[in-house]
Amino acid sequence: MPPVTSARGVLRHAVAAVAGLVLATGGLTATASPAHSAGPATVDAADVPVRVNQLGYLPDGPKRATVVSSATGPLPWQLRDSSGTVVASGATTVRGADQASGQSTHLVDFGAYTAAGTGFTLVVGGRSSHPFDISASLYDGLRADSMSFFYQQRSGIAIDAALAGAAYARPAGHLGVAPNKGDTSVPCQAGVCDYRLDARGGWYDAGDQGKYVVNGGISVWEVVNSYERARRSGGDPALGDSTLRVPERGNGIPDVLDEARWELEFLLRMQVPAGRPMAGMAFHKLHDAEWTALPTRPELDDKQRELHSPSTAATLNLAATAAQCARVYAPYDAAFSARCLDSARRAWAAAKANPNVLAPATDNTGGGAYEDADVSDELYWAAAELLATTGESQYRNAVTASPHHAKPADGFWWGGTATLGRITLATVPGVDLPADDLTRVRGLLTSAADGYLSTLAGQGYAVPIPATGYVWGSNSSVANNAMVLAVAYELTGRQQYRAGALESMDYLLGRNALDLSYVTGYGERSSENQHHRFWAHQNDASLPHPPAGSFAGGPNAGLEDPVAKAKLPGCAPAACYVDDIGSYSTNEVAINWNASLAWLAAFAAERRGTPAVPEVRVAPAAVTVPEGGSVPVGVRLSAAPAQSVTVTVARSSGDQDLAATTGTTLVFTPANWATAQQVSVSAAQDADAVSESATFTVGGPGVRSATFTATEVDDDAAPPASCAVTYRVDNSWGNGFTATVTVKNTGASAISGWTLGWSFAGDQRISSAWNATVSQSGAAVTARDAGWNAALAPGDSRSLGFQATYSGTNTAPTRYTLNGVLCS
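Note that the coordinates shown come from a computational prediction; the quantities given were computed from them, not determined experimentally. (Residues numbered from 1 in each chain as written. Predicted model: local features only at pLDDT ≥ 70, side-chain atom pairs only at ≥ 80, totals over all residues. Heavy atoms only, no water.)

### Quick notes on the overall build of the protein
Under the convention used in this document: What counts as a helix is a DSSP run of H or I of at least four residues, what counts as a strand is a run of E of at least two, and both are numbered from the N terminus. Both definitions apply: the radius of gyration is a C-alpha atom measure, and the globule rule equals 2.2 Å times residues to the power 0.38. Summary of the burial criterion: residues with accessible area below 20% of their type's maximum are buried, those above 50% are exposed, and those between are partly exposed, where the area comes from a 1.4 Å probe applied to protein chains only. We call two residues contacting when some pair of their heavy atoms lies within 4.5 Å. Charge counting treats Lys and Arg as positive and Asp and Glu as negative, with His and both chain ends excluded. Every charge is mapped onto a representative atom, which is NZ of Lys, CZ of Arg, CG of Asp or CD of Glu.
Along the backbone of the protein there are 15 helices and 37 strands. Against the globule reference of 28 Å for 824 residues, the protein gives a C-alpha radius of gyration of 29 Å, in line with a compact fold. Each principal axis of the C-alpha atoms in the protein carries an extent, and together these give about 95 × 65 × 50 Å. Counting every position in the protein, which comprises 824 residues, the buried fraction comes to 58%. Restricting to contacts in the protein with at least 6 residues of sequence separation, those with at least 24 account for 70%. Looking at charge distribution, the protein has the averaged site of its 56 positive side-chain charges lying 2 Å from that of its 74 negative ones.

In structure tokens:
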């Protein structure tokens, strides 16, 4: 179930290891920490006062450590390689009392050392840190393992030993095979509905085996957004096909998207079917009618599963994530993309019709309530995703009318999602908002990042949460705030934001008050008894510990479970954690927590080195321009430049009747590089009857150039028509429709590749297409063959289909060109 925050939320389970805190009276401090064992954690292991990221550091990243010491003057430090040779040295900086940990601290900065190697140690006053590595590949394993967590949390599929390891293999859970009651035909709670739903699949939420739309929403968004961000940065190959241990590897689709789809399919199934009361809404959650015992393997759960009432919050989660799905999956599976968009539209309409259907806090038997009394943030998030995907005015109006659009960017979690919308608006190329609006939204995010840097700088352990922030799921808050720092780095290219994100990882991986990595299998001392029904070795030696890459909830000063209350009285906020399977308030795992860890691991794992030269991106890459008219072309960069760059647009060859008339000089800054700027290409009116083309080059110092082509559509005496086009609207609803366009070769010669062009008379906007590659600039549409259908023999026809939106009238186009020639 979900993490509690100080503002709103509901209890959830967790697991981790705690240390008793002993303040030093002088010199270096030795504190107590838990030993790892099959039973409850004990406090008997000597702690290490030199706290480092126990995994290591990147050669080009920050390298800082914290030393627990009450010494009032600087202490000498040495960095030693694996042979014990001193490779760097210096003196600590006295930080003094740290409120969150209750410790007196010094800081060590050895960032000037950039050589790679293994087995480094940091020695201060004769006390040595845990060994660590310095490597560019440092986070490669964590990137994969943090995502493997999701595969192993899958419901409705057998977990394969070849992918997860023999200890973690298990039969499929909740498919209706006895003793499971199954998720293939789930009844509603009494009074909620009178039918059953196939709600198989998805991810188990946390240590329990419930499935919650509002926590699944933020989790799947973060996983998919990780790929979106990597695609913009050029790091997407590392998240591509056959990069993860998933059964779908080798299918030509990025493995990260394969994993996310398992959850997305579940979310789509949770939508109330057409013809039923509240159609289009999403059921809030699905779980056992009563709490299952600990431990319980998923396939052995014999409790009845139940659907809980639809809610506006769940419905808006579905609208947001399905809209994101439509945008990101379009290049890989057009049919799935269209299905997601249809679901998102229906969810949006249903939420608008039912704006105040709230999940009650009392619905917490057998699973977390995930109550939420304010859904304005989910509405803003959903509107932002739908706007980024469709460009439609109704969603733009909802974005700009929301009070969240002007508010400072706040920390995000499952119950507060407005900043997810801000991230989408600020980073997805081509979002249809005024330039000033986009600049302001980006400024809100960088201002939030500046605040996190300030918080981080004021602490002994460089954590982007305040001393009051150690609440249920505090590690998730650290990771989410680090994501905002990484987004600010993408928007500006400023290294201080990347450094802040990486130092947040240092905290999670051992540079903290407990000298403990909160990620299983990463670091000399890591959490291994997280609260979980199956990964429950502490309760049953025949069951495994959580797999490598599992992320504990972290310190929680509220002490909201019996184990924490018993073991942690009087703990300092950052030390209120115990690695015990019974401490669900400090030590549970959860999909939303691992999603932010996976996002950060992928960000940290990207090879950076010398900054890549940004590429110019032009869309569309080919346009048709009516004689005497003009069409727009969008220009942006592939990545943030190190400094402002000037890009010029000029015809490099071809018909001189074609020219770039406005937007020929464009300036891109580290803040606006992802926003497409418009170039207008015009065709002069002349007396000839020739349709010719020209090539334009877009480039300048500091960028890699690109080209696009423009073809004039002559309006004088055209050559005899050699093509005929029919346009048919197949289905129409409200403000959307699908259509089929068929082009026939009426000439005597075969066509070996075709490009069909037309312009809409109204505001129709194509959102997806099939059997052709379709792009749209303003009203002008360009459809190119899909390769397999490029040949067009005399008398043959080829059809393409598309889905589009419109308002007002939906008038069919009247003029078409085939390879620049006017059709009849």
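### Quick notes on the packing of aromatic side chains
Rules: Think of it this way: a Phe, Tyr or Trp ring, Trp meaning its six-membered ring, pairs with another when their centres are within 6.5 Å, and the plane angle makes it stacked under 30 degrees, edge-to-face over 60, tilted otherwise. Whether a charge sits over a ring comes down to the Lys NZ or Arg CZ being within 6 Å of the ring centre and within 35 degrees of the ring normal.
Enumeration according to the criterion identifies 29 aromatic pairs in this entry. Members of the aromatic cluster, each reached through a chain of ring pairs, are Y727, F737, W758, F760, F802, Y806 and Y816. Lying across the ring of W599, R229 places its NZ or CZ 5.5 Å from the centre. One Lys or Arg, R261, reaches over the ring of F336 and ends 3.7 Å from the middle of that ring.

### Some details on the nonpolar core
If you look at soluble globular proteins, the nonpolar side chains tend to sit buried side by side. Worth spelling out the cut-off: Take the buried Ala, Val, Leu, Ile, Met, Phe, Trp, Tyr and Cys residues and link them wherever side-chain atoms come within 4.5 Å; each set so joined is a nonpolar core.
Residues Y139, L142, Y329, W348 and L425 are the most contacted members of the largest nonpolar core, which totals 159 residues. With residues up to four places along the chain from it excluded, the contact list for L425 reads Y380, A384, L387, V399, H405, V431, L433, L438 and V441. Core analysis: the second largest hydrophobic core is formed by 28 residues, V616, V618, A694 and A780 among them.

### Thoughts on the pairing of strand β27 (residues 693-699)
Keep this limit in mind: Strands pair, by our definition, only if DSSP identifies at least two bridges between them.
Pairing between strand β23 (residues 645-654) and β27: 6 bridges, direction antiparallel. Across the sheet, V649 pairs through a bridge with V698, a residue of β27. Sheet topology note: the β27/strand β28 (residues 706-713) ladder contains 6 bridges and is antiparallel. When the bridges of β28 are listed, T697 appears paired with T707.

### Observations regarding the state of the cysteines
Counted only if it meets this: Any pair of cysteine sulfurs within 2.5 Å is marked as a disulfide.
All chains considered together, the criterion is met by 4 disulfides. What pairs with C188 in a disulfide is C193, and their sulfur atoms sit 1.9 Å apart. Between C188 and C193 the disulfide shows an S-S torsion of about 95°. By sign, it is right-handed. With its sulfur 1.9 Å from that of its partner, C571 forms a disulfide with C576. Between C571 and C576, the S-S torsion sits near 100°, and that sign places the bridge as right-handed. Judged by relative accessible area, which is 21%, C571 ranks as partly exposed. Cysteines bonded in the protein are numbered consecutively along the chain; their disulfide partners then correspond to 1-2, 3-4, 5-6, 7-8.

### Topic: the sheet that holds strand β17 (residues 285-288)
Reading across from one edge, β15-β17-β18 is the order of the 3 strands in this open sheet, with antiparallel pairing throughout. Unpaired on one side and paired on the other, β15 (211-212) and β18 (305-307) mark the two borders of the sheet. Two elements, β15 and β17, share 2 bridges in a ladder whose sense is antiparallel. Residue K211 lies in a different strand from β17, and its bridge partner there is L286.

### Examining unusual backbone geometry
Between A178 and the following residue, P179, the backbone shows a cis peptide bond with an omega angle of 10°. Looking at the element boundaries, P179 is found in the loop between α2 (161-164) and β13 (186-187). Note that the residue after L294, namely P295, is joined by a cis bond; omega there is 0°. Secondary-structure assignment places P295 in the loop between β17 and β18. Of note, the phi angle at S242 is positive, near 65°, even though the residue is not glycine. Examined against the element boundaries, S242 turns out to sit in the loop between α3 (213-233) and α4 (255-269). Although it is not a glycine, N771 adopts a positive phi angle of roughly 70°. Structurally, N771 is set in the loop between β32 (765-770) and β33 (772-777).

### Re the packing of helix α1 (residues 140-152) against helix α15 (residues 591-605)
Spelled out, the test is: Lines are fitted to the C-alpha atoms to define the axes, a helix being fitted only along its stretch in contact, and any angle between axes, read from their N-to-C directions, falls within 0 to 180 degrees. When an angle is under 35 degrees it counts as roughly parallel; over 145 it counts as roughly antiparallel; between 65 and 115 it counts as roughly perpendicular; any other value is oblique. Each helix crossing is assigned a hand: it is left-handed if the near helix lies turned anticlockwise from the far helix by less than a right angle, otherwise right-handed if that turn is clockwise. When residue character is reported, Ala, Val, Leu, Ile, Met, Phe, Trp, Tyr, Cys and Pro are called nonpolar, Asp, Glu, Lys and Arg charged, and the others, Gly included, polar.
It is at 8 Å that the axes of α1 and α15 come closest, and there the two elements cross at 155°. Considered as vectors, α1 and α15 are oriented roughly antiparallel to each other. With respect to the hand of their crossing, α1 and α15 are arranged in left-handed fashion. On α15, the residues touching D140, L142, R143, S146, M147, F149 and F150 of α1 are I591, N594, A595, L597, A598, A601, A602 and A605. Among the residues forming the contact of α1 with α15, the class breakdown is 11 nonpolar, 2 polar and 2 charged.

### Observations regarding helix α8 (residues 393-401)
Under the convention used in this document: Comment: arc refers to directions from the helix axis out to C-beta atoms.
Among the residues of α8, those classed as buried are Y395, A398 and V399. All buried residues of α8 lie within an arc of 100° about the axis, which places them on one face of the element. Residues of α8 that are buried sit in contact with α6 (334-353), α7 (376-390) and α9 (418-427).

### Some remarks on the pattern of salt bridges
Side chains that carry opposite charge are capable of pairing whenever their charged atoms lie near each other. Stated precisely, the cut-off is as follows: Think of a salt bridge as a Lys or Arg side-chain nitrogen and an Asp or Glu carboxyl oxygen that are within 4 Å of each other.
All told, the structure shown has 32 salt bridges when counted by the stated rule. Two residues, E490 and R232, come together in a salt bridge whose shortest N-O distance is 2.5 Å. Of this pair, E490 sits in helix α11 (residues 474-492) while R232 sits in helix α3, placing them 258 residues apart in sequence. Across the pair, exposure class does not vary: E490 and R232 are buried alike. One salt bridge in this structure joins D432 and R396, with 2.9 Å as the shortest N-O distance. Taken as a pair, D432 in the loop between α9 and α10 (435-457) and R396 in helix α8 lie far apart in primary sequence, 36 residues in all. When its relative accessible area of 37% is taken as the criterion, D432 is described as partly exposed. Assessed through its relative accessible area of 21%, R396 is described here as partly exposed. Through salt bridges that share partners, D183, K211, D288 and R305 make up one connected network.

### Examining the pairing of strand β31 (residues 755-759)
Here 5 bridges tie β31 to strand β34 (residues 780-785), and the two strands are oriented antiparallel to one another. Each residue of the ladder has a partner; that of T755, found in β34, is R784.

### What about the side chain of H308?
What counts, and what does not: A 3.5 Å cut-off defines polar contacts: any pair of N or O atoms within that distance qualifies, except that in protein one atom must be a possible hydrogen donor and the other a possible acceptor, and neighbouring residues in sequence count only when both atoms are side-chain atoms.
Assignment of secondary structure puts H308 in the loop between β18 and β19 (310-311). Side-chain polar atoms of H308 contact the side chain of Q189, separated by 3.2 Å. Separated by 2.7 Å, the side chains of H308 and D363 make a polar contact. Apart from the residues within four sequence positions on either side, H308 is in contact with Q189, V192, F283, H284, K285, H287 and D363.

### So, the sheet that holds β33
In space, the 5 strands of this open sheet follow the order β33-β34-β31-β36-β37, with antiparallel pairing throughout. Looking at strand neighbours, the two that pair on one side only are β33 and β37 (821-822), the edges of this open sheet.

### Looking at the confidence of the model for the protein
Let me state the cut-off plainly: Summary of the metric used: pLDDT quantifies the predictor's per-residue confidence within the range 0 to 100.
The pLDDT averaged across the protein works out to 90; a share of 92% of its residues lies at or above 70. Every residue in residues 29-46 scores below 50 in pLDDT, and together they form 62 contacts with partners more than four places removed in sequence or on other chains.

### Some remarks on the side chain of N594
Along the chain, N594 turns up in helix α15. For N594, a relative accessible area of 0% puts it in the buried group. Setting aside anything within four residues of it in sequence, one finds N594 in contact with S146, F149, F150, G549, S550 and F551.

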